[in-house]
Amino acid sequence: MGLPQHQRASVKQGDGETSTAPVKEIPVPQEPGPGEILVKINWTGLCASDKSLIHDDWAPLGIKMMDVTHGIAGHEGAGIVVAVHPDVQHLWKEGDRAGVKWVTSVCRACEF
């Protein structure tokens, strides 16, 4: 069975206090990029941090939703790896469980 073509996601629209993040149908990337895995998210949440990013509350501090997110809100998701880029196949395989954090990244090359 292949990957689905579309998924539902809460996507930021607008700027500032009046921004919203309605649930929309968006395309599913079919292949992860270098250094990436693709995770089917089974559980995630929207919290006060997401609200602050959606409403640009932290922009004066230099903190904003990164362009790489394509406006997709939610963090601390958990799911199953469904695709692995060849350069990280020594770290991940399809079927592995993975968690996704927004405040940090991991290299999997050290104990953290």
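Residues numbered from 1 in each chain as written. Predicted model: local features only at pLDDT ≥ 70, side-chain atom pairs only at ≥ 80, totals over all residues. Heavy atoms only, no water.

A. View of the overall build of the protein. Of the regular secondary structure elements, the protein holds one helix and five strands. Each helix and strand of the protein, placed in order from N terminus to C terminus, yields the pattern β-β-β-α-β-β. When the 112 residues of the protein are sorted by exposure, 28% land in the buried category. In the protein, 54% of the contacts between residues at least 6 apart in sequence involve partners at least 24 apart. (Helix = DSSP H or I, 4+ residues; strand = E, 2+ residues; numbered from the N terminus. Buried < 20%, exposed > 50% of the residue type's maximum accessible area, 1.4 Å probe, protein only. Contact = heavy atoms within 4.5 Å.)

B. Quick peek at the sheet that holds strand 5 (residues 97-100). A sheet is described by the order of its strands in space; here three strands give the open sequence 3-4-5, paired in antiparallel fashion. Whereas interior strands pair on both sides, the edge strands pair on one side only; in this sheet they are strand 3 (37-45) and strand 5. Each strand of the sheet is rotated relative to its neighbour by a mean of 35°, with strand direction disregarded. Inspection of the sheet shows strand 4 (residues 75-84) paired to strand 5 by four bridges, in the antiparallel sense. Bridging from a neighbouring strand, Ile 80 pairs with Arg 97 of strand 5. (Pairing = 2+ DSSP bridges. Axes fitted to C-alpha atoms, helices over the stretch in contact; angles between N-to-C directions.)

C. Main features of the nonpolar core. By size, the foremost hydrophobic cluster in this structure holds six residues: Val 39, Val 81, Val 84, Val 88, Trp 92 and Ala 98. When neighbours within four sequence positions are excluded, Val 39 is seen to be in contact with Gly 79, Ile 80, Val 81 and Ala 98. (Core = buried A, V, L, I, M, F, W, Y, C linked by side-chain atoms within 4.5 Å.)

Coordinates in, geometry out; function isn't part of it.
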